[in-house]
Amino acid sequence: MSPTTSTDGPIALVQERLTTFASAIGFGLRASWAAITKPQPYDTLILLARLLSSSLPVVVVVAFFAGAMLTVQAAASLSLIGGGPLAGTLVGFGGVREVFPLLAAASVAARSGAAFASELGAMKVTEQLDAVEVMGLSPMQLLVGPRIWAAALGVPVCVLFADAVGLVGSQFIGTYQVGIDPGSMWFALMGSVVKNDLYIGMGKGVLLGWLIAIVTTREGMTTSGGARGVGQATNRAVVRALIVTCVTSLGLTYALYGTAMMAKG
Amino acid sequence: MEQLLAAVGRPFLGFVRAFGQVASFTVSSTWATVTTSAGRRTTATIALQLLYRCLIPVALVAAPISAMVAIQSIGLTAAFSAERLLPPLLAATIVRELSPGFSSVMVCFQAGAGIAAELGTMRVTEELDAIDVMGLDSRALVAGPRIVAAALIGPLLNLWGMFCGAWSTYLVAVWGMDMPQQTFIDSFIEGITPLDLWVSQAKCFVFGGIIGAVSATFGYFTEGGTAGVGRAANRAVVTTVIAVLMANYVINTFLYNLTIQGVL
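Positions within a chain are numbered from 1, following the residues in the order the chain's sequence is written. Starting at A for chains and at 1 for ligands, labels are handed out in the order in which the entities are written. Predicted model: local features are reported for residues with pLDDT of at least 70 only, side-chain atom pairs are reported and counted for 80 or more only, and whole-chain, interface and lining totals are derived from all residues.

This brings us to the overall build of chain B. A tally of regular secondary structure across chain B gives 8 helices and 0 strands. A run of DSSP states H or I qualifies as a helix once it reaches four residues; a run of E qualifies as a strand once it reaches two. Both are numbered from the N-terminal end. Ordered by position from the N terminus, the helices and strands of chain B form the series α-α-α-α-α-α-α-α. Per-residue burial for chain B yields a buried fraction of 53% across its 264 residues. Residues are treated as contacting if the C-beta atoms built from their backbones sit within 7 Å of each other. At a minimum sequence separation of 6, the contacts of chain B that also span at least 24 residues come to 86%. Any residue surrounded by 20 or more other C-beta atoms within 10 Å of its C-beta is treated as buried, while 12 or fewer makes it exposed and the intermediate range makes it partly exposed; C-beta atoms here are placed from the backbone.

Dropping the structure here:
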């Protein structure tokens, strides 16, 4: 896990990282191919139900507190210029566009991504994956594919929930704690939510879910070294999934909003 | 009715029990660590290890998210023809909320899961029992140092997160929208006060401590072999992320109240 294990200097380290990156892309393509050509609807449904039942509570709590935190912070900054309900505009605009989808994906990575990696890792070190292969079945089609579909279908649902709960949390805290008039807070929140941003958030969710599942299942499938290896694989999986989520979000933000705004700016 | 009460009561009791376990374990192991020289030495080593492991992940999270905020804010400030307000706005966002929040979430993912997985592995392979059998204190030597180290690296990683965030917004503003370099730097610093920096650092110290405490406790009391290690790491990440967000909200509320009372 620790990069210090490489004693051959920085060049070897960079080489190792590049190889890992290339192999991850290879794994992603193979896994996506397996998921698309040989979908397993029954397993996908079960995994989707499990993903939603385990991740949604986390998403709800995280989004509620994110909405609350954004509202308090925005109100604190805006109180200097007496702009109470403007806090709602900021949360509605920034929350739905960026914060809630990102946090929903991060929560799924933390809850279900870690579970994907630790399940597959435990199966790998106890030779269950080998057993599947010996039986002439493909772990890629049987285990990885359904997880990819489950995440790609589950994350958008989580994003919608995060949007709803985050806005309700913002309204609740804005009204009861910060003391903004309920009507004008709700008006500011709803006025700043654009339908397109909701669709874009869900689309983002599909892509992020797909990528999270690829990253975390890869870590699980390449686990080695007993119980220690499973722990390390889970750790690597969540960290890499979060990094991929953030970098992909930036790429999407730039592609969707950046070029138009920079032209204006 | 009885069943309903039981259904509500069970998770609540579970939460209270877990909270008590984390609190008592944290106090006893932290005390055992800071009062022994072996514990303090181990803490320094582990802090360096955790810092090294978190540097790149924190940069890879803080920089893209700051750039995203910058790109979105360009539109917002351009709508009011107030582009000059962009750098101070970004500085305040990064220093007050973005860097402490997302650096700490990354520490949850990297250090939190790592601590739980390491301690969990040591538990299921009976290494912790071996340490205790030798008459040494596994809390002082293994668990406590990780808790203290996590609290210590929180503020350091926050500084690093702010640095990376500032750089990425600089790239967006100066390269992306051709803002003059000097204007950006001068007005960027206007957005923050020394107090903002100190509050942000204090927050990260608290978040780091929470992350260390929760994940060390979950790892230390792992049960159920190899699969249990994975579950402990998973639980640690989820719980620490939620705990950090809740703590952030509580601290923000406290600061907000101080602000409207005119103390700050």
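Anyway, onward from the coordinates.
For the rest of this paragraph, the subject is the overall build of chain A. Each helix and strand in chain A was counted, giving 8 helices and 0 strands. Helices and strands appear in chain A in the N-to-C order α-α-α-α-α-α-α-α. Residue burial in chain A is summarised as follows: out of 265 residues, 54% are buried. Of all intrachain contacts in chain A linking residues separated by at least 6 positions in sequence, the fraction that spans at least 24 positions is 86%.

Right, let's get into helix 1 (residues 2-34) of chain B. Given 3.6 residues per helical turn, the α-helix brings residues three or four places apart onto the same face. All names here are of chain B. Relative to the 48 Å expected for 33 residues at 1.5 Å per residue, helix 1 spans 47 Å between its end C-alpha atoms, a close match to the ideal helical length. Roughly 25 degrees is the biggest bend found in helix 1, and it falls at glycine 9, with proline proline 11 one to four residues downstream. Every buried residue of helix 1 is listed here: Val22, Phe25, Thr26, Ser29, Thr30 and Thr33. The inward-facing, buried residues of helix 1 contact helix 2 (37-79), helix 5 (138-176) and helix 7 (194-220). How far a helix is expected to stretch is found by multiplying one less than its residue total by 1.5 Å. Here the bend at a residue is taken as the angle between two axes, fitted respectively to the seven residues that end there and the seven that start there.

Okay, the confidence of the model for chain A next. Caution applies to low-pLDDT parts of the model: their predicted coordinates are not meant to be read in detail. Of all residues in chain A, 92% have pLDDT values of 70 or greater, and the mean over the chain is 87. Within chain A, helix 7 (residues 195-221) of chain A carries the highest mean pLDDT (93), whereas helix 8 (residues 226-264) of chain A carries the lowest (84). The predictor's confidence in any single residue is recorded as pLDDT, a number from 0 to 100.

It is worth spelling out the interface of chain A and chain B at this point. Contacts between the two partners involve 52 residues from chain A, matched on the other side by 54 residues from chain B. Of all the elements in the fold, those that place two or more residues in the side of chain A that touches chain B are helix 2 (41-78), helix 3 (86-125) and helix 8 of chain A. Ranked by residues supplied to the side of chain A that touches chain B, first place goes to helix 8 of chain A with 23 residues.

Attention shifts here to the nonpolar core. A general trend in soluble globular proteins is that nonpolar side chains are found buried together. Any set of buried Ala, Val, Leu, Ile, Met, Phe, Trp, Tyr and Cys residues joined through C-beta atoms within 7 Å is what this text calls a nonpolar core. By size, the foremost hydrophobic cluster in this structure holds 164 residues, and its most contacted members are Ala63(A), Ala104(A), Val238(A), Leu242(A) and Val237(B). The element best represented in this core is helix 3 of chain A, accounting for 23 residues. In contact with Ala104(A), other than residues within four places in its own chain, are Val59(A), Ala63(A), Val155(A), Cys158(A), Val159(A), Ala162(A) and Gly205(A).

On to the packing of helix 1 of chain B against helix 2 of chain B. All names here are of chain B. Direction vectors running N to C along helix 1 and helix 2 enclose 100 degrees, while the axes themselves pass 6 Å from each other. Our classification of the angle between helix 1 and helix 2 gives roughly perpendicular. When helix 1 is examined against helix 2, the residues Ala32, Thr33 and Val34 are found in contact with a partner set consisting of Gly39, Arg40 and Thr43. The residue classification treats Ala, Val, Leu, Ile, Met, Phe, Trp, Tyr, Cys and Pro as nonpolar and Asp, Glu, Lys and Arg as charged. All others, Gly included, are polar. Its residues placed into classes, the contact of helix 1 with helix 2 shows 2 nonpolar, 3 polar and 1 charged. Throughout, an axis means a line fitted to C-alpha atoms (over the contacting stretch in the case of helices), and angles, computed between N-to-C directions, take values from 0 to 180 degrees. With respect to orientation, any angle under 35 degrees is reported as roughly parallel, any angle over 145 as roughly antiparallel, any angle of 65 to 115 as roughly perpendicular, and every other angle as oblique.

All names here are of chain A. Take alanine 74: it is sitting in helix 2. Counting along the chain gives 34 residues from alanine 74 to valine 108, while the straight-line C-alpha distance between them is 26 Å. Sequence-distant contacts of alanine 74, defined by excluding residues within four places in its chain, comprise Ala87, Leu90 and Val91.

Turning to unusual backbone geometry, a few remarks are in order. In this structure, Glu127(A) is a non-glycine residue whose phi angle is positive, near 65 degrees. Positive phi values are uncommon outside glycine, yet Glu126(B) reaches one of about 65 degrees. Take Glu126(B): there are 11 C-beta atoms within 10 Å of it, and that puts it in the exposed class.

What follows deals with the environment of Val72(A). Inspection of the secondary structure assignment puts Val72(A) in helix 2. In sequence terms Val72(A) and Gln177(A) are 105 residues apart; their C-alpha atoms lie 8.5 Å from each other. Setting aside its immediate chain neighbours within four residues, Val72(A) contacts Ile173(A), Val178(A), Tyr249(B), Asn252(B), Thr253(B) and Tyr256(B).

Residue and element names in this part refer to chain B. Mapped onto the fold, alanine 111 is located in helix 3 (residues 86-124). Linking alanine 111 and glutamate 97, residues 14 residues apart in sequence, is a C-alpha distance of 20 Å. Residues contacting alanine 111, with those up to four places away along its chain left out, are Leu50, Arg53, Cys54, Ala150 and Ile211.

All right, on to the packing of helix 3 of chain B against helix 6 (residues 181-190) of chain B then. Residues and elements named next belong to chain B. Put simply, helix 3 and helix 6 touch, their axes get as near as 7 Å, and they point 45 degrees apart. One finds that helix 3 runs oblique with respect to helix 6. As for the relative orientation of helix 3 and helix 6, their crossing is right-handed in sense. Across the interface between the two elements, Pro87, Pro88 and Ala91 of helix 3 pack against Phe184, Ser187, Phe188, Ile189 and Glu190 of helix 6. Of the residues assigned to the contact of helix 3 with helix 6, the class counts are 6 nonpolar, 1 polar and 1 charged. Take the far helix as your reference; a near helix turned counterclockwise from it by less than a right angle gives a left-handed crossing, and one turned clockwise gives a right-handed crossing.

Residue and element names in this part refer to chain B. Looking at chain B as a whole, its pLDDT mean stands at 88, while 100% of the residues score no less than 70. Per-residue pLDDT, averaged within each element of chain B, yields its smallest value for helix 6 (83) and its largest for helix 7 (93). As scored by the predictor, the complex reaches a pTM of 0.87 and an ipTM of 0.82.

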